[in-house]
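Observations on the three-dimensional arrangement
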Amino acid sequence: MSENILLSTPQTPLLSVDDVKKWYPVRQSMFASLIQPDKRFVKAIDGVSIQLKKQEIIGLVGESGSGKSTLGELVTLLQTPTEGTITFDGADISSLHGDALKQFRKRVQVIFQDPYATLNQRFTIYRTVVEPLIIHGVRDKGERTRRVKLALTRSGLKPEDDLLNAYPHNLSGGQRQRVSIARAIVLEPDLVVADEPVSMLDVSVRSGILNLLAELRDTIGLTIIFISHDLSTVQNLCDRIAVMYLGRIVEIGPVKQVIERAFHPYTRALLEAVPLVDPDVKRERTNIDSEPPSAIDLPPGCRFSSRCPFVTPECLIAEPELVEMAPGHYVRCIHPRHEPIWY
Amino acid sequence: MKGYRGFLLRRVLFGLFTIWVIITLVFVLFRVTPGDPTVFMVDSTFDPAVREEILHKFGLDKPLWQQYLIYIGNLLKGDMGRSFVSHRPVAEELGGVLPNTIILAFTSFILAYVLGVLLGAFLAAKRGQWQDSLGISLVLFFRSAPTFWIGMILLMIFSFKLGWFPSGRIRSLGYVTTGGLDKYLNLDFLHHLILPTVVAGLYLVALPVMLTRNTLLEVLKEDYIELARAKGLPGRTILLKHGVRNAILPVVTAAAVYIGLAIAGMAEIEVVFSWPGVGQAIVLAVRSHDYPVAQGAFLLLAIMVSVMSLVADLAYAYLDPRISYD
Amino acid sequence: MSTSSSIVRELLRDRLALFGLVVVALFFFVAIFAPALAPHDPMEVLKHPETGKAAILQPPSRYFPFGTTNMARDVLSQVIYGSRIALLVGFTAAFVVTFIGANVGLIAGFYGGWVDTILMRIVDIAYAIPFVPFAILLIALLRPSIVYLIMIVGLLMWRAPARVIRAQVLSLVQRPYVKAARVTGASNLRIMYVHLMPNILPIVLLYIPLSVGWAIMAEASVSFLGFGDPRMVSWGGMLQSAFATGAMRVAWWWTLAPGIAIVLIVISVYFINRAFEPIASPSIRKE
Amino acid sequence: MDTPLLEVKDLQIEYKGRRSLKAVDRVNFELQLGDNLGIVGESGCGKTTLAKSLLGLLPDNGSVVGGAILWDKTDVSHYSENEWNRLRWSDIALVPQNALSSFNPVYRLRDQIVEAIRAHESISVDDARRRTEKLATMVGIDPQRLMDFPHQLSGGMKQRLVIAMALALNPRLIIADEPTTALDVVVQDRIIRQIVELQNELKFAMIYISHDIAVVAETCHLIAVMYAGQIVEYGLTSAVLKKPIHPYTMGLKNAFPELRVDKPLISIPGHPPNLDPPPTGCRFASRCPFATELCRQSEPPMVELPSGQKAACHYVDRALELRELAAKAETWRQVPAG
């Protein structure tokens, strides 16, 4: 049974990722390639299917190397998949060119993690935010200024001349991140991929950015893919969570359900590893081997088996399919955990 | 170490490729420049029999592509024609002076690099103090002064005025050597070697000094340097064992390129000190329109440059454990 | 704070760079007004005003402040006229070098893959060509001319900036702002010349004074070896005459003056280059 | 109580530059053997500067300009490099911020640990190597891996080896400066647990610097909250995090997302003040929803509650009421700085 049928939602999805793979060939020496012609690959994304409704915010979580950022780059056409198709608003994005591609570029935008590297330090704030408008041929200067100011206002900044003419080094981290949001929404896109947008910000300004994203979903109808390694950040913002492990989704479902009763041992390990503020609560930890295997030599069967405390011989036979455990809540595990998470 | 062998092979192949490109470049240059190409291979002073023989041997009566193949074939055999001046085979003529250039270039390069790295480390340790400014200014002075000019000045002072050193050539008139290694392993040769080596060394020292200093200053900001301090290691250990050892890597990489520049830059020094080397040979040959020697000397220099940079690249790969050889 | 004003401020703060700027400006002044400043025509055979005889190898005196040559020519006038060829070769060649270097580096670093491989192998090969021997060989095949010399410098010396700029571009294209521009649909040309160029410009600027220095040295070397442009007086050519005629044994002034001129201008551009460095690579600046 | 192992008294650290900046201003705390103090604060609050000063590792332009660092009753704040070297690692060891780059890339890991041991103890290389293997085992690293170069190990393994190295000479104080920031959550969890276990077992004193209050909550029993170069609140971790009495601590806690805790996340408006010169009055006043004229005029003294919990706020007595208000997002939106 194909996964995309399983995961389809009643409404036509805005974005549909169907069994997408992204493999990078492992560079090897000339000799090795002569002796052993079958290439080895880093399987950054190894068969991911996911569908997004309009105005949905989905959280992609996982450790570094899980492929979550690569998925973001595939969706925004920064990279092309090795296999599988990505459909945006009914069109296969890899087949887009000319005007259709330009339209797509207008409708899908990104926000990045590092507030320092995300802005061109030689551009003023105005230049940064107006750039997408210039690329998309907005000729009228007054119109451009109006839209730049609107985008900055929507991003929670005051679009005064001081700010428009400032350079990134004059701004705090939180302000920079708001400018990069303004740049992303100035074309009024439908989909924004936010790749760890708050993880490098101070705690005291993080929630401002998170609230802003939630607001933008309501005001301008954004659909957001929110990539994060931090489950506690995701819980307040997202509608659904997809947990990725070594290039595959291992659990996906409504945010509350996944956090409160995760079925997959990996999701539970992630949840249980989050330290708690309340010093009186002692959390229970699942013992998993702290280092994931390399994405080149994956274990047979379930790819989490090498770290899983509940592994049985059956786990090593074949990789499990995603199974619906509760409405909209899918898990890729043959021994899903049912006991409550103790906390 | 399979990876290293693969890297080595690729690097050697690329070195050969580079030399081939330069050989071809020279061939093309001599053919596309206006005028009769035969004038580059045979001189009017040659007697007709020799002239015929050379024209035939280099295929100058044949189409261009055949000339090219013959040219490559002859080079592989080490045959680069005959000198217009001495009428001796070019290979023989250059073979005699090649060691002189190698010795001069090597001594000055090693001198410059060893002293340069030490001085660079010293300046980094004294950064921002007067020793630093003085060192940088001096080094830049010798970098900005043409070698031949410094050579002339030193000749004026130490040779003409004070008479401490000979004014040129590699050995005194009338000095007889028994041949073999004794040609170079004697005090007379050393006496002749000093001034040109100093001049070349002064010019070459700038890059290792500046590169070591600047790289070391960067390295000293690394986290592992701070941890080394936290470990309570003495300052000198940190500077030398942790700082210089890491700063040396880019300095060695630069050597690959730099030794090539050093060899290429020997021509003026050889001329000033009448040092019978490949650089002087090419200058004299070009001046007297002795094209076979000029071409041969140029190729020889280019090959030396390529070989030297190859050696330095391999040394770098050996020094840095992080290199993946891919 | 804009970039250009910060560069100017940085240059003025550095005393050595200030010295460099003044010297270069002075040489420009001398070169432009050479006919007015030089006491004599540089090629004129002069007579000693007191003895009336040809002023051969006169040491510096009030008549000939820098002395005369073995052909009774005025060294000061020759040095003044020599600044013309030095600056002409230096700045024209520097323009060619940085222009080619910046574009090759930008293209190689931006496109990567086989474009990068090919361009960088060309750079490696350019590094394997010994410069001065190549220059004199080519000039002997063509004819001595500063136009050819500028071309040779330009065609060979771009290797250094190309390599450094490529490395910088390689790291810049990974920056999120470049990715954001791609996602927005900016064309490759736009990313290269609108987004990346302003960020590599400081390094490009760094190479202008450096290549001025290289070109002036190259011209001096080639002239010293006897392959200078015979129609013009150059410092290297002056040194060649002093050396070849053996006059350097006695006429120290003839050797000293042109050499000092070369050192002055080349060290000046190096000083300027050093002041640029912290601007070009902010990591050094934190020091 | 015995005399403290470490006593930091009115410590002031200044960075000199075109404009001088007091990165740490009148900081006080004490530490006994076995104590475990967490210092939390946001970027630029001075916590890393403070940590560095305790090892004499301030950068060239930074220096202690006031107060004292008493180690075993001796003021070490103006020690020379040589004097520091006697203290470093054998008495005070560091687990640095970025373990990934804290090993010299060109030497084998074993040699770098051996180097630390032999810099302070005259023992043979073989003995030092044997101890290194023991240390590796202690942090769960296969001694075989010690023969590797740093780039061959994962970030988590390197971090554990840095901890092993810190323990090599049985120091009495370990300063851990954001030791898990660069790591994934599962790896981080392992390391934190390891640190806590080792500390319980070996009873060294520890200063744990972090921007993450949850990590500190789980690792340390004492906490100091820093803001703009000063400690604004200090006390038992359980007390401070449950019942903060300084508005900044309240803000920080309410801004911190907690798993399965359904609360409105607040953000503290504005940003920390410029410290050249520092504002008059309370440094947090411009961002504080409860600031009054008094706060802007006069600097609040450190007030100690009977429980030992301390805070530098004029309104410590209103803490109960403020805590309630601070939990509401609207409260923070009223601050003009936003």
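Reading the values: rules and limits
- Residues numbered from 1 in each chain as written.
- Chains lettered and ligands numbered in written order.
- Predicted model: local features only at pLDDT ≥ 70, side-chain atom pairs only at ≥ 80, totals over all residues.
- Heavy atoms only, no water.
- Contact = heavy atoms within 4.5 Å.
- Buried area = accessible area lost by both parts, 1.4 Å probe.
- Salt bridge = Lys/Arg side-chain N within 4 Å of Asp/Glu carboxyl O.
- Polar contact = N/O pair within 3.5 Å; in protein donor to acceptor, adjacent residues only side chain to side chain.
- Buried < 20%, exposed > 50% of the residue type's maximum accessible area, 1.4 Å probe, protein only.
- Helix = DSSP H or I, 4+ residues; strand = E, 2+ residues; numbered from the N terminus.
- Pairing = 2+ DSSP bridges.
- Expected span 1.5 Å × (residues − 1).
- pLDDT = per-residue confidence, 0-100.
- Core = buried A, V, L, I, M, F, W, Y, C linked by side-chain atoms within 4.5 Å.
- Domains from an automatic or database assignment.
- Axes fitted to C-alpha atoms, helices over the stretch in contact; angles between N-to-C directions.
- Right-handed = clockwise from strand over helix to strand, strands pointing away.
- Nonpolar A, V, L, I, M, F, W, Y, C, P; charged D, E, K, R; others polar.
- Left-handed = near helix turned anticlockwise from the far one by under 90°.

**A closer look at the interface of chain D and chain A**
- Taken residue by residue, the interface counts 41 residues in chain D and 41 residues in chain A.
- Across the chain D to chain A interface the summed buried area is about 3,700 Å²; carbon plus sulfur atoms make up 54%.
- If you sort the residues of chain D by the area they bury against chain A, D:V186, D:L259 and D:R260 come out on top, with a joint share of 23%.
- Taken together, the links from chain D to chain A amount to one salt bridge.
- Close ionic contact of A:D278 with D:K242 constitutes a salt bridge, the shortest N to O distance being 3.7 Å.
- Linking chain D with chain A are nine residue pairs in polar contact (both at pLDDT 80 or more).

**Things to note about the pairing of strand β10 (residues 248–254) of chain A**
Residues and elements named next belong to chain A.
- For β10, the tally of buried residues reaches six of seven residues, placing the bulk of the element in the interior.
- Pairing between strand β9 (residues 240–245) and β10: six bridges, direction antiparallel. Each residue of the ladder has a partner; that of M244, found in β10, is I249.
- Linking two consecutive strands that pair antiparallel, namely β9 and β10, is a turn of two residues; a positive phi of about 45° is found at L246 within it.
- Sheet analysis places β10 next to strand β12 (residues 329–331), joined by two bridges and oriented antiparallel.

**A look at helix α8 (residues 173–185) of chain A**
- Given a rise of 1.5 Å per residue, 13 residues ought to cover 18 Å, and the 19 Å separating the end C-alpha atoms of α8(A) matches this to within 8%.
- Among the structural elements, β6 (108–111), α5 (125–135), α6 (141–154) and α9 (203–220) of chain A together with α9 (176–184) of chain C are those in contact with the buried residues of α8(A).

**Things to note about the confidence of the model for chain D**
- Put simply, chain D has an average pLDDT of 91, and 99% of its residues get 70 or more.
- Both scores are given for the predicted complex: the pTM is 0.86, the ipTM 0.84.

**Topic: the nonpolar core**
- Counting residues in each nonpolar core, the largest one holds 192 residues, and the members touching the most others are B:Y71, B:F298, C:F131, C:L196 and C:W235.
- The dominant element in this core, judged by the number of residues it contributes, is helix α10 (residues 188–224) of chain C, at 19 residues.
- A domain split of this core shows at least three residues from each of domain 1 (2–90) and domain 2 (98–276) of chain B.
- Those residues in contact with C:L196, other than ones at most four positions away along the chain, are C:L106, C:F110, C:V169, C:L172, C:V173, C:V178 and C:I191.

**Section: the pattern of salt bridges**
- Applying the stated criterion across every chain yields a total of 51 salt bridges over all chains.
- Its salt-bridge partner being A:R217, residue A:D218 comes within 3.4 Å of it at the nearest N-O pair.
- The exposed category is assigned to A:D218, whose relative accessible area is 57%.
- For A:R217, a relative accessible area of 14% corresponds to the buried category.
- The partner of B:K231 in a salt bridge is D:E115, with the nearest N and O atoms 3.2 Å apart. Of this pair, B:K231 sits in the loop between α9 (223–230) and α10 (235–264) while D:E115 sits in helix α3 (residues 109–118), on two different chains. Each member of the pair B:K231 and D:E115 is classed as buried.
- Within this structure, A:D46, A:R248, A:R303 and A:E319 form a network of salt bridges that share partners.

**Things to note about the sheet that holds strand β1 (residues 15–25) of chain A**
Residues and elements named next belong to chain A.
- In spatial order, the strands read β2-β1-β4-β5; together these four strands make up an open sheet with antiparallel pairing. Each edge of the sheet is formed by a strand with only one pairing partner; in this case those strands are β2 (41–52) and β5 (91–92).
- Across two bridges, strand β4 (residues 83–88) lies against β5 in antiparallel orientation. Across the sheet, T87 pairs through a bridge with D92, a residue of β5.
- Seen against the sheet, helix α3 (residues 68–75) touches β1, β2 and β4 and runs at an angle of roughly 115° to β1.

**Digging into the pairing of strand β8 (residues 223–228) of chain A**
All names here are of chain A.
- A large share of β8 lies buried, amounting to six of its six residues.
- Side-chain alternation along β8 places T223, I225 and I227 on one buried face and I224, F226 and S228 on a second face that is also buried.
- Sheet topology note: the strand β3 (residues 57–61)/β8 ladder contains five bridges and is parallel. Bridge pairing in β8 links I58 to I225.
- In terms of strand pairing, strand β7 (residues 191–195) meets β8 through five bridges, oriented parallel. For D195, the partnering residue across the bridge sits in β8 and is I227.
- Between β7 and its parallel partner β8, the chain crosses via α9, and the hand of that crossover is right-handed.

**So, the interface of chain C and chain B**
- Counting residues at the interface gives 47 residues for chain C and 51 residues for chain B.
- Summing the contributions of chain C and of chain B, the shared interface buries around 4,400 Å²; its carbon and sulfur component is 80%.
- Remark: the boundary between chain C and chain B carries zero salt bridges.
- Taken together, chain C and chain B are joined by four residue pairs in polar contact (both at pLDDT 80 or more).
- Mapped onto the side of chain C that touches chain B, the elements with two or more residues apiece are α5 (113–128), α6 (131–141), α8 (159–172), α10, α11 (235–244), α12 (252–280) and α13 (282–285) of chain C.

**A word on the domain arrangement of chain D**
Residue and element names in this part refer to chain D.
- For chain D, the domain assignment lists domain 1 (6–220) and domain 2 (243–333).
- Between the C-alpha centres of domain 1 and domain 2 there is a distance of 30 Å.
- Between domain 1 and domain 2 lies a buried interface of about 930 Å² when both sides are counted; carbon and sulfur atoms form 54% of it.
- Sorting the residues of domain 1 by area buried against domain 2 places R19, E42 and I213 first, and these three jointly supply 45% of that buried surface.
- In this structure, the connection of domain 1 to domain 2 is made through two salt bridges.
- Among the salt bridges present, the one from E299 reaches R26, with a minimum N-O distance of 3.4 Å.
- If you look at where domain 1 meets domain 2, you find three residue pairs in polar contact (both at pLDDT 80 or more).
- Examining the composition of the side of domain 1 that touches domain 2, we find that four residues originate from one element, strand β2 (residues 21–31), more than from any other.
- For the side of domain 1 that touches domain 2, the per-class residue count stands at three nonpolar, one polar and six charged.

**Observations regarding α5(A)**
- For α5(A), a buried count of eight out of 11 residues is recorded, marking the element as mostly surrounded by other parts of the structure.
- Turning to α5(A), its buried residues number three or more, namely A:I125, A:T128, A:V129, A:V130, A:E131, A:P132, A:L133 and A:I135.
- On its buried face, α5(A) sits against α4 (98–107), α6, α7 (161–164) and α8 of chain A together with α9 and α10 of chain C.
- Phi turns positive, to about 70°, at A:G137, one or two residues after α5(A).

**Thoughts on the packing of α5(C) against α8(C)**
Residues and elements named next belong to chain C.
- Running from N to C, α5 and α8 cross one another at 145°; their axes reach a closest spacing of 9 Å. Classified by chirality, the crossing of α8 by α5 is left-handed. Residues D116, M120, V123, D124, A126 and Y127 of α5 form the contact with α8, whose participating residues are R159, A160, A162, R163 and R166.

**Considering the environment of D:Y15**
Residue and element names in this part refer to chain D.
- Among the secondary structure elements, Y15 is positioned in strand β1 (residues 6–15).
- As for Y15 and D60, which are separated by 45 residues in sequence, their C-alpha atoms are 8.7 Å apart.
- Apart from the residues within four sequence positions on either side, Y15 is in contact with S20, L21, A23, T49, L58, P59, N61 and G62.

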